[in-house]
Amino acid sequence: MDFTLSEQQTMFRDMVRDFAAREIAPLAAQMDREADMPEALIQKLREGGFFGLTFPEPLGGLGVDTTTYGLVVEELSAASAGVAVMICVHNSVGSYPIAMFGSDELKARVLPRMAAGEIAAFCVSEAGAGSDAAALTTAAARDGDHYVLTGSKMWVTNGSRARYYVVLARTPGSVGHDSVHAFLVERDAPGLCVAKKEDKMGLRCSDTCVVELDGVRIPAANLLGREGDGFKVAMKALDGGRIGIAFQALGIGRACLEASVRYAGQRIAFGEKLWHIPTVRDKFADMAARLHAARLTALHAAWLKDQGRPHTKEAAMAKLLATEAAGHVADEAIQIHGGFGYTKDYDVERYYRDVRVTRIYEGTSEIQRLVIARSVIKELG
Ligand SMILES: Cc1cc2nc3c(=O)[nH]c(=O)nc-3n(C[C@H](O)[C@H](O)[C@H](O)COP(=O)(O)OP(=O)(O)OC[C@H]3O[C@@H](n4cnc5c(N)ncnc54)[C@H](O)[C@@H]3O)c2cc1C
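Residues numbered from 1 in each chain as written. Predicted model: local features only at pLDDT ≥ 70, side-chain atom pairs only at ≥ 80, totals over all residues. Heavy atoms only, no water.

Now for the overall build of the protein chain. Check the secondary structure of the protein chain and you find 11 helices and 10 strands. Here the C-alpha radius of gyration of the protein chain, 21 Å, is about what a compact globule of 381 residues would show, namely 21 Å. Of the contacts made within the protein chain by residues no fewer than 6 positions apart, 73% connect residues no fewer than 24 positions apart. Of the roughly 16700 Å² of accessible surface on the protein chain, 55% is carried by carbon and sulfur atoms. In the protein chain, 44 side chains carry a positive charge and 48 a negative one; their mean positions are 2 Å apart. (Helix = DSSP H or I, 4+ residues; strand = E, 2+ residues; numbered from the N terminus. Rg over C-alpha atoms; globule rule 2.2 N^0.38 Å. Contact = heavy atoms within 4.5 Å. Areas by Shrake-Rupley, 256 points an atom, 1.4 Å probe, with all protein chains shown as cover. Lys, Arg positive; Asp, Glu negative; His and termini not counted. Charge placed at Lys NZ, Arg CZ, Asp CG, Glu CD.)

Take a look at the structure:
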């Protein structure tokens, strides 16, 4: 495997880096404070093609490969992880199920609109079903050529901004994986209501909501895959989604390292810059090495996906290693900033809060280890 980025990948990354520095970074602290994102910024992201990153060009997207997608997510995350997660969910778990499992009619109707910036969301989790997604209770009752959905979804990223929701629901009264189905639900469907917006520790400008479904009638043609495919649809989508979260963590981690090196170049203690203190230098070495190792793992997972090869284990490894590395790096960044890092005057305080959730969503670190262990036993047992 060659880790050299192509000319096009480098160009893309640099363009997004410039865009993020100009349009996103200056707003990041304010968006965090206000727990909101200006519509004008979302519109600029639309115009920049960010909502069509992974969509094929004939459908109005940019059709980038997974590596390029990862680089873009890293750049956005270094500026604002909240903006990045909106783009990630839209380009992966929110749209992939339609692209891979939707009917031709559904794809032709919906994907160009998504690529143009009508936002997508992914609704699996419920109050009683997180890691154990099979415990979900949202019901999908067949009624002629419709399904009627009733239940409550929690933690829906893009919940209030979305136009399209991928929803997992089960045959009423059933248990287990086989009776779970995936559907596309549109925002204007009567009975769909965006309820509470969560007041979160980090990613504050990203909207994370409860979505209530009260007898929402949707055409049977909105079923993704076949009946009973719901789990397969979600797990396939998450394989790609986890690569994105790995790059998200890497972006936040890189921002932490850059901020720490800058700070240590100015801060004087015992008559010299922190740069010259061996313990601080050790921290830099460790932070950089952990991020580098995690980045290679993430690039490998992205490469496998682009080759059309199995990547479930490698995506889980990338997410696990990158999010744990970035969590450590964010913690060290606060340490290097001392008391100043514990205040909102410095960006590392936000990075520390933002990075924490990367070890929780799209499967906790513990769940990534379960996924990896299952593969290892299958290969070696
Ligand atoms: C900001 C944010 C955005 C989110 N966005 C979305 C979204 O867009 N769509 C969506 O569907 N969901 C979303 N989620 C939900 C997220 O995926 C879940 O929070 C996550 O899967 C964990 O589920 P839980 O919170 O119910 O924790 P639980 O499953 O209750 O886990 C609690 C603890 O127990 C551990 N644990 C549980 N089971 C096991 C096991 N078998 N082995 C070892 N340890 C275990 C977990 O690792 C964790 O440490 C989001 C969450 C957050 C916080």
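As assigned here, the protein chain comprises domain 1 (7-115), domain 2 (120-228) and domain 3 (232-380). Once you take the C-alpha centre of each, domain 1 and domain 2 turn out to be 23 Å apart. Listed as interface residues are 27 residues of domain 1 and, on the opposing side, 20 residues of domain 2. Between domain 1 and domain 2, the buried area comes to about 1900 Å², and carbon and sulfur atoms account for 66% of it. At the boundary of domain 1 with domain 2, the tally comes to two salt bridges. Here domain 1 and domain 2 share seven residue pairs in polar contact (both at pLDDT 80 or more) between them. For the side of domain 1 that touches domain 2, the elements supplying multiple residues, two or more each, are helix 1 (7-34), helix 4 (81-91), helix 5 (96-101) and helix 6 (104-115). (Domains from an automatic or database assignment. Buried area = accessible area lost by both parts, 1.4 Å probe. Salt bridge = Lys/Arg side-chain N within 4 Å of Asp/Glu carboxyl O. Polar contact = N/O pair within 3.5 Å; in protein donor to acceptor, adjacent residues only side chain to side chain.)

Remark: helix 1 packs on helix 2 (residues 39-47), axes separated minimally by 11 Å, with the N-to-C direction vectors making an angle of 155°. In terms of their interaxial angle, helix 1 and helix 2 are classed as roughly antiparallel. With respect to the hand of their crossing, helix 1 and helix 2 are arranged in left-handed fashion. Across the interface between the two elements, Phe19, Glu23, Ile24, Leu27 and Met31 of helix 1 pack against Leu41, Lys44 and Leu45 of helix 2. (Axes fitted to C-alpha atoms, helices over the stretch in contact; angles between N-to-C directions. Parallel < 35°, antiparallel > 145°, perpendicular 65-115°, else oblique. Left-handed = near helix turned anticlockwise from the far one by under 90°.)

With respect to the helices and strands, lysine 153 occurs in strand 3 (residues 146-157). Residue classification places lysine 153 among the buried positions, given a relative accessible area of 0%. Separated by 2.9 Å, the side chains of lysine 153 and glutamate 126 make a polar contact. Only 2.8 Å separates the side chain of lysine 153 from the backbone oxygen of leucine 168, close enough to count as a polar contact. Among all residues touching lysine 153, those that are not within four sequence positions of it are Cys123, Val124, Ser125, Glu126, Leu136, Thr138, Val167, Leu168, Cys209, Val210, Val211 and Leu213. (Buried < 20%, exposed > 50% of the residue type's maximum accessible area, 1.4 Å probe, protein only.)

Let us look at the environment of arginine 217. Looking at the secondary structure, you find arginine 217 in strand 7 (residues 208-219). Between the alpha carbons of arginine 217 and glycine 191 there is a distance of 8.1 Å; along the sequence they are 26 residues apart. When residues no more than four places from it in sequence are discounted, the contact partners of arginine 217 are Asp143, His146, Tyr147, Val148 and Pro190. A distance of 2.7 Å separates polar atoms of two side chains, one belonging to arginine 217 and the other to aspartate 143.

In this structure, the largest pocket encloses a volume near 1400 Å³. What lines the largest pocket is a set of 46 residues, among which Ile360, Tyr361, Glu362, Gly363 and Thr364 lie closest to the centre. Listing elements by their share of the lining of the largest pocket, those giving two or more residues are helix 4, strand 3, helix 7 (230-264), helix 10 (347-356) and helix 11 (365-380). Among the elements that line the lining of the largest pocket, the one with the most residues is helix 7, at nine residues. Here the second largest pocket is characterised by a volume of approximately 610 Å³. Contributions of two or more residues to the lining of the second largest pocket are made by helix 3 (66-79), helix 5, helix 6, helix 7 and helix 8 (278-306). In terms of residue count, helix 7 provides more of the lining of the second largest pocket than any other element does, six residues in total. Residues of the lining of the second largest pocket, tallied by class, amount to 13 nonpolar, 10 polar and seven charged. (1 Å grid on protein atoms, 1.4 Å probe; cavity = no way out; pocket = protein on both sides within 12 Å on 5 of 7 lines; lining within 4 Å. Points joined across faces, edges and corners; volume = space filled by probe spheres on them. Nonpolar A, V, L, I, M, F, W, Y, C, P; charged D, E, K, R; others polar.)

This part is about the environment of lysine 153. Separated by 17 residues in the primary sequence, lysine 153 and leucine 136 have C-alpha atoms spaced 9.1 Å apart. Of note is the side chain of lysine 153, whose polar atom sits 2.9 Å from the backbone oxygen of valine 124.

Attention now goes to the pattern of salt bridges. What the rule picks out here adds up to 28 salt bridges. Bridged by salt links that share partners, the residues Arg17, Glu74, Glu75, Arg254, Glu258 and Arg295 form one connected network.

Moving on: the pairing of strand 4 (residues 164-170). Counting buried residues along strand 4, seven of its seven residues qualify, which places the element largely inside the surrounding structure. Burial of strand 4 is two-sided: the residues Tyr164, Val166, Leu168 and Arg170 facing one way and the residues Tyr165, Val167 and Ala169 facing the other way are all buried. As judged from the seven bridges shared by strand 4 and strand 5 (residues 180-186), these two strands associate in the antiparallel manner. The residue of strand 5 that forms the bridge with valine 167 is phenylalanine 183. (Pairing = 2+ DSSP bridges.)

For any two helices packed against each other, one specifies the inter-axial angle together with the distance between the axes. At a minimum axis separation of 9 Å, helix 9 (residues 312-337) and helix 10 run at an interaxial angle of 155°. Overall, the two elements helix 9 and helix 10 adopt an arrangement that is roughly antiparallel. Regarding helix 9 and helix 10, the two cross each other, and that crossing is left-handed. Contact with helix 9, carried on its side by Ala326, Gly327, Ala330, Asp331, Ala333, Ile334 and His337, involves Val348, Glu349, Tyr352 and Val355 of helix 10 and no other residues of that element.

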